[in-house]
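The residues making up each chain are set out below.
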Amino acid sequence: MSLYVPQIENDADVISAAIAYAKAGWYVLPLQAATKRPALGKGWPSHTSRDPKQIVEWFAGTNHALGLHVGRSGAIVFDVDDPDVLPEVLSAAFIDAAPPFQSSRADVPRKGHYVFAQPAGRYLGNSRGELNTSAWGEVRGANGYIAVAPSAHAKAETGGRYEWLSGGPVPPLPRNLSRMLPEFTGSNGAASTDSIQVFFDTFASSTRESNLVAITNGFAKAAAIGSRHEALVDHLAWAMREAAMGFFPAAKAAGELWSL
């Protein structure tokens, strides 16, 4: 199936839009309205669907937002937060390839989602690879998703929106960009909710809580100049190692990093 972005009217209902995306080749998922986190729980990447009956079951009678499962659909999306610091190679690709573009803010013309197809013979993840040069935004690939129209934006009152300004066929990722991004290598599996709680309960000591300040400050600095998601992975792992040494409660560290 050739992937494309269908025409979605601003006043479309979520179920009709979700089915239209599915017919266009997208695996869809429900998102919690307030947080835009997957509403499918643990293992959500394997539960996304293109089945109309499943879609109706998910969205009927709810206020769920609508998401597209990027990687499983065969796509890769550049989620641009700050167009002013966008790498030149990305700016050029957006102009030359003219990919479908979803605006996420009315007053920042180039902020939003630029959609490409995964390169032939490769499967890219969410790492920015050689594009990790500034805080321009994020890459959404394997196990990545984006919220899409007609979902309401969490910051609608200050100009946030989801609106496709261009759609149609999704072009392949240019080779020069493909070479700059690493292959998705998978994971050892997500930790279960129970195992996380056991870890939090086990490592709840507070012998040197001042160490947590260095980690949260380090995360804030790293997120300001690069990917906040990659920064969170690094600093959360650091925090859990020190929590396991008894310096501060693991649950507190996770909560403070997530709030940032």
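Residues numbered from 1 in each chain as written. Predicted model: local features only at pLDDT ≥ 70, side-chain atom pairs only at ≥ 80, totals over all residues. Heavy atoms only, no water.

Student: Before we move on, could you go through the nonpolar core and cite the residues and values that matter?
Tutor: By size, the foremost hydrophobic cluster in this structure holds 31 residues, and its most contacted members are Tyr21, Trp26, Val28, Leu66 and Trp164. Sorting the residues of this core by element identifies helix 1 (14-23), strand 2 (27-31), helix 2 (52-59), strand 3 (65-69), strand 4 (75-80), strand 6 (112-117), strand 8 (145-147) and strand 9 (160-166) as the ones contributing at least two each. Counting residues per element, this core draws most heavily on helix 1, which supplies four residues. Among residues more than four places away in sequence, those in contact with Val28 are Ala18, Tyr21, Ala22, Thr48, Ser49, Ile55, Trp58, Leu66, Gly67 and Leu68. Grouped together as the second largest cluster of nonpolar side chains are 18 residues, Leu90, Phe94, Leu131 and Trp136 included. (Core = buried A, V, L, I, M, F, W, Y, C linked by side-chain atoms within 4.5 Å. Buried < 20%, exposed > 50% of the residue type's maximum accessible area, 1.4 Å probe, protein only. Helix = DSSP H or I, 4+ residues; strand = E, 2+ residues; numbered from the N terminus. Contact = heavy atoms within 4.5 Å.)

Student: I'd love a proper account of the layout of surface pockets, names of residues and values included.
Tutor: Put simply, the second largest pocket is a space of about 160 Å³. Lining the second largest pocket are Leu86, Ser91, Phe94, Ile95, Ala98, Pro99, Phe101, Arg110, Tyr114 and Ser166. Across the lining of the second largest pocket, the residue classes tally to seven nonpolar, two polar and one charged. (1 Å grid on protein atoms, 1.4 Å probe; cavity = no way out; pocket = protein on both sides within 12 Å on 5 of 7 lines; lining within 4 Å. Points joined across faces, edges and corners; volume = space filled by probe spheres on them. Nonpolar A, V, L, I, M, F, W, Y, C, P; charged D, E, K, R; others polar.)

Student: Requested: an account of the side chain of Ser178, with residues and values cited.
Tutor: Residue placement: Ser178 occurs in helix 4 (residues 175-178). Residues in contact with Ser178, not counting those within four places in the same chain, are Pro119, Arg122 and Leu173.

Student: Lay out the sheet that holds strand 8 with the relevant residues and their values.
Tutor: A sheet is described by the order of its strands in space; here three strands give the open sequence 2-3-8, paired in antiparallel fashion. At either margin of the open sheet sits one strand with a lone partner, and together these are strand 2 and strand 8. Across the sheet, the mean angle separating the axes of adjacent strands is 35° when strand polarity is ignored. Sheet topology places strand 2 next to strand 3; five bridges connect them, and they run antiparallel. (Pairing = 2+ DSSP bridges. Axes fitted to C-alpha atoms, helices over the stretch in contact; angles between N-to-C directions.)

Student: Pulling in residues and values, what's your account of the pattern of salt bridges?
Tutor: Summed over the entire model, instances satisfying the criterion amount to eight salt bridges. Ionic pairing is found between Lys111 and Asp81, a salt bridge with its closest N-O pair at 3.3 Å. A residue pair is termed long-range when its members are at least 10 positions apart, and Lys111 in the loop between strand 5 (101-105) and strand 6 and Asp81 in the loop between strand 4 and helix 3 (88-97) qualify at 30 residues. Of the charged contacts in the structure, one is a salt bridge between Glu138 and Arg228, with a shortest N-O distance of 3.6 Å. Highlighted residues: Glu138 in strand 7 (residues 137-140) and Arg228 in helix 7 (residues 228-244), separated in sequence by 90 residues. For Glu138, a relative accessible area of 3% translates into the label buried. Looking at Arg228, the relative accessible area reads 38%, which means it is partly exposed. Overlapping salt bridges bring together Asp81, Lys111, Glu138 and Arg228 as one network. (Salt bridge = Lys/Arg side-chain N within 4 Å of Asp/Glu carboxyl O.)

Student: Before we move on, could you go through helix 2 and cite the residues and values that matter?
Tutor: Residues of helix 2 that are buried include every one of Ile55, Trp58 and Phe59, and no others. Taken down its axis, helix 2 places every buried residue within 80° of arc, on the same side. Across from the buried face of helix 2, at angles greater than 90 degrees, the exposed residues are Lys53 and Glu57. Close packing links the buried residues of helix 2 with helix 1, strand 2 and strand 3. The first or second residue beyond helix 2 is Gly61, which carries a positive phi of 70°. (Arc of directions from axis to C-beta.)

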